[in-house]
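Here's the letter readout for the chains.
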Amino acid sequence: MIKIVSFKICPFVQRVTASLEAKSIPYEIEYIRLKDKPQWFLDVSPNGQVPVMITENGIPLFESDAIIEYIEDEYGALETGVTNEQRALDRAWSYLGSKHYLTQCSTMSSKDQETFEQRNTKLYAVFTKAEQQLSGKTKFFKSDKLSNVDIAWLPLLHRAYIVKQQTGCDLLCGLPKVQAWQVALMEIGIAEKTVSEDFDEKFVGFYLTNTFLSKDNDDVQNGCCDKTSCC
């Protein structure tokens, strides 16, 4: 069976597990502490980062983009009948999402309103690009069927969903098509299947405690939905 080596709140790992879940591919997962990486992990991960996938043949793969491509090559595409041009576009939109995982992480980690607003400007810009691309007539990014683009953006939309639930701050404020896309993804239940059972607790403890977005921060609402930060 496939094995995934993970850190519990890593968005790059969630993209990989979401790809496996979408194809109903069985896998097991082992969580490690990034501050205390075991030697066996360092031996198979040249960059010392998660995710790592151990294939059914025992081969360790690293770098989430490479792992996603392997899953497609080995287990078949999530969609059929996709042209080469569309596949290239899908990869480009997927990359646009995944390369902003760390942008979202740094935004949520902001300790004060000024830092939050500066970082959120970059995050909001990429959500705005998605808003302009979405037709608003389908459940998901391209159609009513799940695609690789949806999988790539799931970590961003899932984390924005938790932030709103926990703090009332909507990182998608003013973007109705992205908000509808987020709702559609949350409704199918794939988000919960792709993270650990204590994900919400770990997420809140890391990003929503002693940060600007903390639930006990009275300035959150004031800093959330203006034209500059528009979270």
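Here the residue numbering is sequential within each chain, running from 1 through the sequence in written order. The predicted origin of the model limits local features to residues at a pLDDT of at least 70 and limits the giving and counting of side-chain atom pairs to 80 or more, whereas totals for whole chains, interfaces and linings rest on all residues. Only heavy atoms go into the side-chain values, all of them from the structure, while hydrogens and water stay out.

Caption draft 1: Spatial organisation of a negative patch on the surface. The patches reported here contain residues having more than 30% relative accessible area and no salt bridge. Joining distances are 9 Å for like charges and 5 Å for nonpolar side chains (Val, Leu, Ile, Met, Phe, Trp, Tyr). Working definition of accessibility: Shrake-Rupley area with a 1.4 Å probe, residue cover restricted to the visible protein chains. Here a salt bridge means any side-chain nitrogen of Lys or Arg lying within 4 Å of a carboxyl oxygen belonging to Asp or Glu. Only four residue types enter the tally: Lys and Arg on the positive side, Asp and Glu on the negative side, with His and both chain ends excluded. The atom standing in for a charge is NZ when the residue is Lys, CZ when it is Arg, CG when it is Asp and CD when it is Glu. On the surface, Glu56, Glu69, Asp73 and Glu74 cluster together into a negatively charged patch. A helix here means a DSSP run of H or I that spans at least four residues, while a strand means a run of E at least two residues long, and both kinds are numbered starting from the N terminus. Within the secondary structure, Glu56 is located in the loop between β3 (52-54) and β4 (60-62).

Caption draft 2: Representation of the packing of aromatic side chains within the structure. Ring pairs shown here join Phe, Tyr and Trp side chains whose ring centres sit within 6.5 Å, with only the six-membered ring taken for Trp; geometry is labelled stacked below 30 degrees between planes, edge-to-face above 60, and tilted in between. One pass over the full model with this rule turns up 11 aromatic pairs. Pairing Trp93 with Phe141 gives two aromatic rings, centres 5.4 Å apart and planes at 50°, and the pair type is tilted. Of this pair, Trp93 sits in helix α4 (residues 84-98) while Phe141 sits in the loop between α6 (113-133) and α7 (148-167), and the two are 48 residues apart along the sequence. Each residue gets one of three labels from its accessible area relative to the maximum for its type: buried under 20%, exposed over 50%, partly exposed in between, using a 1.4 Å probe on protein chains only. With a relative accessible area of 7%, Phe141 lands in the buried category. A centroid spacing of 6.3 Å and a plane angle of 50° characterise the contact between Phe127 and Trp153, whose relative ring orientation is tilted. Highlighted residues: Phe127 in helix α6 and Trp153 in helix α7, separated in sequence by 26 residues. Each member of the pair, Phe127 together with Trp153, is buried. Members of the aromatic cluster, joined through ring pairs, are Trp93, Phe127, Phe141, Trp153 and Trp181.

Caption draft 3: Expanded view of the sheet that holds strand β2 (residues 27-31). Pairing within the open sheet is mixed, and its 4 strands lie in the order β2-β1-β3-β4. Edge positions in the sheet fall to β2 and β4, since each of these pairs with one other strand and no more. Adjacent strand axes in the sheet meet at a mean angle of 25°, parallel and antiparallel pairs treated alike. For β3 and β4, the ladder comprises 3 bridges, and the chain directions are antiparallel. Bridging from a neighbouring strand, Ile54 pairs with Pro60 of β4. Here, two residues are considered to be in contact whenever any of their heavy atoms come within 4.5 Å of each other. Axes, fitted as lines to C-alpha atoms, cover a helix only where it is in contact. Angles between the N-to-C directions of the axes lie from 0 to 180 degrees. Each of β1 (2-6), β3 and β4 touches helix α3 (residues 64-75); the most contacted strand, β4, lies at about 125° to it. Pairing between two strands is assigned when DSSP locates at least 2 bridges connecting them.

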